[in-house]
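Spelled out, the chains give:
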Amino acid sequence: MEGDGSHMSSKTSPRRTTRKAHDRGNPHIGIAGVVGLGYVGLPLMVECARAGIQAVGFDTDPARRRMIRRGESPVEDIASEDLRPLVKSGIVSVAEDWSALRDVDAISICVPTPLRKSKEPDISFVTAAAESLKPHLRRGHLIILESTTYPGTTREIVLPILESTGLRVGKDFWLAFSPERVDPGNVEWPLSRIPKVIGGITPECTREAAAFYSRIFETVHPVSSAEAAEMAKLLENTFRAVNIGLVNEFALTCDRLGLDTWEVIKAAGTKPFGFMSFKPGPGLGGHCIPIDPQYLSWRMRLLNFTTRFIDLAEEVNSEMPRHAVLKMAMALNHQGKAISKTRVLVVGVAYKADVSDIRESPALDIIELLISHGAKLRYHDPLVPTLTVGEHTLKSSPLTAKTLRSFDAVMIVTPHTGIDHRLIIRSVPLVFDCRGVTAGMKGKNIFRL
Ligand SMILES: NC(=O)c1ccc[n+]([C@@H]2O[C@H](COP(=O)([O-])OP(=O)(O)OC[C@H]3O[C@@H](n4cnc5c(N)ncnc54)[C@H](O)[C@@H]3O)[C@@H](O)[C@H]2O)c1
């Protein structure tokens, strides 16, 4: 963001709807600030506005700031038609510089927490956000870290930066961790209905954060420390990574036994208790499940403790793109075709259905593998118009009976709503389904993971 020292222009200046919290010495937040306006931050800002709380966003990406100011949403979960009136009325605004942080009462930090190439946590975005906040920290501020991270980040990384101002936590300002649980694309669980776990650096911090978030979320669940809240999020996502790893291993096992994985899962899923259905797939994707368990694994390595389930799940899950490509190559082989002489269409490249997010998407590995084996590759994804994989930049191909007929094989990687899988099956000599969308369908040209 530009110039720290200048004042906000009137177009970005938040209009106060209630008195500021620090004026009243109580937890009722007048203006909420959200730092990082992506899949997590923008929905949170909108949810604040829906709860009647003035919300000001901060983001280092000028293009994103301009876009949101125009009322255009960069994420699927927030429709531009819903965002525009909020921006127009002024209840949602985007600040041009960090000095606007002084005018807000609560600050939720929603910046990325990726992995470095070495698989170590990259918390530089969290550190940068805390450093940007530091010059503007004042008495009465409530800071809530939302970014998923390893236990200890809030206390060991964020707190020292904020306390280097001379202000003291629990006395001058409040600091808490509250993991974000938004599930992009999930219309059944709107953000405000997902319970919010909150753990403060001190009990007062927990109380302040819980009082604020209980105005936005239906349920808040306070825990005894920031570390417990950080760890709860890692348990949730490790639970998914490990169970997906288990079911992926089952898929590999069924494959060797000549059994239909999807039939087996469906049968096991009829048990009304004690079983939870997970589906195999071409590998993990997104900014959470493949990454978050690695944060914990890294933290525990520093304590000479090996997180064996996490490591094993990672090993199984990261082999799935290769397994999918190999299995499709074998199916092509049965049709007398070599993958190097084949035109292949990958359908769906986002990491999951109905989002445009391609971060960590297994489709990227699959495309790279197919290209490296000589396949003439195209892709179709209604939500991802262009895609760069290695040195290749591709454009989404249309999905019509005519275009489909020009392919030897289709690999269904991500099943977005609205994709006509039956048309694909009718038009292409070989369909390799990584997601079970064809489960139960019969056809000599259908092959499944
Ligand atoms: N995407 C999800 O489904 C999801 C779900 C739950 C939790 N999370 C966690 O939430 C956090 C944010 O994820 P996301 O998917 O919203 O990321 P995102 O990449 O969609 O958005 C992050 C935003 O932060 C901005 N940003 C980066 N550094 C900044 C800084 N120093 N100051 C201000 N803005 C900055 C970026 O420009 C971007 O707009 C991550 O820790 C992630 O693990 C994500």
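Residues numbered from 1 in each chain as written. Predicted model: local features only at pLDDT ≥ 70, side-chain atom pairs only at ≥ 80, totals over all residues. Heavy atoms only, no water.

Taken together, the neighbourhood of the ligand is formed by 27 residues, with Val40, Asp59, Thr113, Thr148 and Arg359 sitting nearest. Separating an oxygen atom of the ligand from a side-chain N or O atom of Thr113 is a distance of 2.5 Å. With respect to the ligand, the backbone of Thr148 contributes an N or O atom lying 3.0 Å from an oxygen atom. Against a free-state accessible area of 830 Å², the protein chains account for coverage of 92% of the ligand. Looking at which element gives the most residues to the shell around the ligand, the answer is helix H5 (residues 124–133), with three residues. A per-class count over the shell around the ligand returns 14 nonpolar, seven polar and six charged. (Near = heavy atom within 4 Å. Polar contact = N/O pair within 3.5 Å; in protein donor to acceptor, adjacent residues only side chain to side chain. Areas by Shrake-Rupley, 256 points an atom, 1.4 Å probe, with all protein chains shown as cover. Helix = DSSP H or I, 4+ residues; strand = E, 2+ residues; numbered from the N terminus. Nonpolar A, V, L, I, M, F, W, Y, C, P; charged D, E, K, R; others polar.)

Looking only at helix H4 (residues 80–89), the buried set comprises Ser80, Leu83, Leu86 and Val87. Projected down its long axis, H4 carries its buried residues within an arc of 130°, all on one side. Exposed and oriented more than 90 degrees from the buried face of H4 are Glu81 and Lys88. Against helix H2 (41–50), helix H3 (62–69) and strand E3 (92–94) lie the buried residues of H4. Gly90 occupies a position one or two residues after H4 and carries a positive phi of about 90°. (Buried < 20%, exposed > 50% of the residue type's maximum accessible area, 1.4 Å probe, protein only. Arc of directions from axis to C-beta. Contact = heavy atoms within 4.5 Å.)

On to the packing of H5 against helix H6 (residues 153–163), then. Packed helices, taken two at a time, are described by the angle between their axes plus the distance between the axes. Interhelical geometry of H5 versus H6 gives an angle of 30° and a closest axis separation of 9 Å. Put simply, H5 runs roughly parallel to H6. With respect to the hand of their crossing, H5 and H6 are arranged in right-handed fashion. Note on element contacts: H6 touches H5 through Thr153, Ile157, Val158, Ile161 and Leu162, opposite Val126, Thr127, Ala130, Glu131 and Leu133. Residues of the contact of H5 with H6, tallied by class, amount to seven nonpolar, two polar and one charged. (Axes fitted to C-alpha atoms, helices over the stretch in contact; angles between N-to-C directions. Parallel < 35°, antiparallel > 145°, perpendicular 65-115°, else oblique. Left-handed = near helix turned anticlockwise from the far one by under 90°.)

It is worth spelling out the sheet that holds strand E15 (residues 446–448) at this point. Reading across the sheet, the five strands line up as E10-E9-E13-E14-E15 and stay open at both edges, with parallel pairing between neighbours. Sheet topology places strand E10 (376–380) and E15 at the edges, where each strand pairs with a single neighbour. Each adjacent strand pair in this sheet contributes to an overall mean axis angle of 20°, direction not counted. Helix H12 (residues 362–372) rests against strand E9 (343–347), E10 and strand E13 (409–412) of the sheet, and its axis sits at about 180° to E9. (Pairing = 2+ DSSP bridges.)

So, on to unusual backbone geometry. Phi at Asp354 is positive, roughly 70°, even though this residue is not glycine. With respect to the element layout, Asp354 can be found in the loop between E9 and H12.

Taken as a whole, this structure holds six aromatic pairs when the rule is applied. Between Phe239 and Phe278, the aromatic rings sit 5.8 Å apart at their centres with planes inclined by 70°, giving edge-to-face as the arrangement. With Phe239 in helix H8 (residues 226–257) and Phe278 in the loop between helix H9 (261–268) and helix H10 (292–301), this residue pair connects regions lying 39 residues apart in the sequence. What makes Phe239 partly exposed here is its relative accessible area of 39%. (Phe/Tyr/Trp six-rings, centres within 6.5 Å; stacked < 30°, edge-to-face > 60°.)

Its domain assignment divides the protein into domain 1 (21–224) and domain 2 (239–448). A straight line from the C-alpha centre of domain 1 to that of domain 2 covers 34 Å. Contact with domain 1, which involves 19 residues of that partner, is made by 17 residues of domain 2. In this assembly, domain 1 and domain 2 are joined by two salt bridges. (Domains from an automatic or database assignment. Salt bridge = Lys/Arg side-chain N within 4 Å of Asp/Glu carboxyl O.)

A few words now on the layout of surface pockets. In this structure, the second largest pocket encloses a volume near 530 Å³. Looking at the lining of the second largest pocket, the elements that each hand over two or more residues are helix H11 (308–334) and H12. Mapped onto the domain boundaries, the lining of the second largest pocket takes at least three residues apiece from domain 1 (21–224) and domain 2 (239–448). (1 Å grid on protein atoms, 1.4 Å probe; cavity = no way out; pocket = protein on both sides within 12 Å on 5 of 7 lines; lining within 4 Å. Points joined across faces, edges and corners; volume = space filled by probe spheres on them.)

Attention now goes to the environment of Ser397. With respect to the element layout, Ser397 can be found in the loop between strand E12 (392–395) and helix H13 (401–404). Separated by 36 residues in sequence, Ser397 and Ser361 have C-alpha atoms that sit 19 Å apart. Once residues lying within four places of it in the same chain are set aside, the contact partners of Ser397 are Leu345, Arg378, Tyr379 and His380.

Following the sequence through the fold, Ser108 ends up in strand E4 (residues 106–109). Of the residues examined, Ser108 reaches a relative accessible area of 2% and is grouped as buried. Put simply, Ser108 and Ala176 are 68 residues apart on the chain and 9.5 Å apart in space, counted from C-alpha to C-alpha. Once residues lying within four places of it in the same chain are set aside, the contact partners of Ser108 are Gly33, Val34, Val35, Leu44, Ile144, Glu146, Phe212 and Tyr213.

This part covers the pairing of E12. By the bridge criterion, four bridges tie strand E11 (residues 386–389) to E12 in an arrangement that is antiparallel. Each bridged residue has a counterpart across the sheet, and for Val389 the counterpart in E12 is His392. Here E11 hands over to E12 after two residues, with Gly390 in that stretch at a positive phi of 60°.

Before going further, it helps to examine the sheet that holds strand E8 (residues 220–223). To summarise the sheet geometry, strands pair through backbone hydrogen bonds and adopt either a parallel or an antiparallel arrangement. The eight strands are arranged E3-E2-E1-E4-E5-E6-E7-E8 in an open sheet whose pairing can be described as mixed. Two strands close off the open sheet at either side, each with one partner strand: E3 and E8. Recorded for the sheet is a direction-independent mean angle of 25° between the axes of neighbouring strands. Contacts from H8 reach strand E6 (174–177), strand E7 (196–200) and E8, with the element oriented near 145° to E7.

Further remarks concern H6. Every buried residue belonging to H6 is among Thr153, Thr154, Val158, Leu159, Ile161 and Leu162, and all of these are buried. Along the long axis of H6, the arc covered by the buried residues comes to 160°, so they all point the same way. Taken together, the buried residues of H6 touch H5, strand E5 (142–145), E6 and H8.

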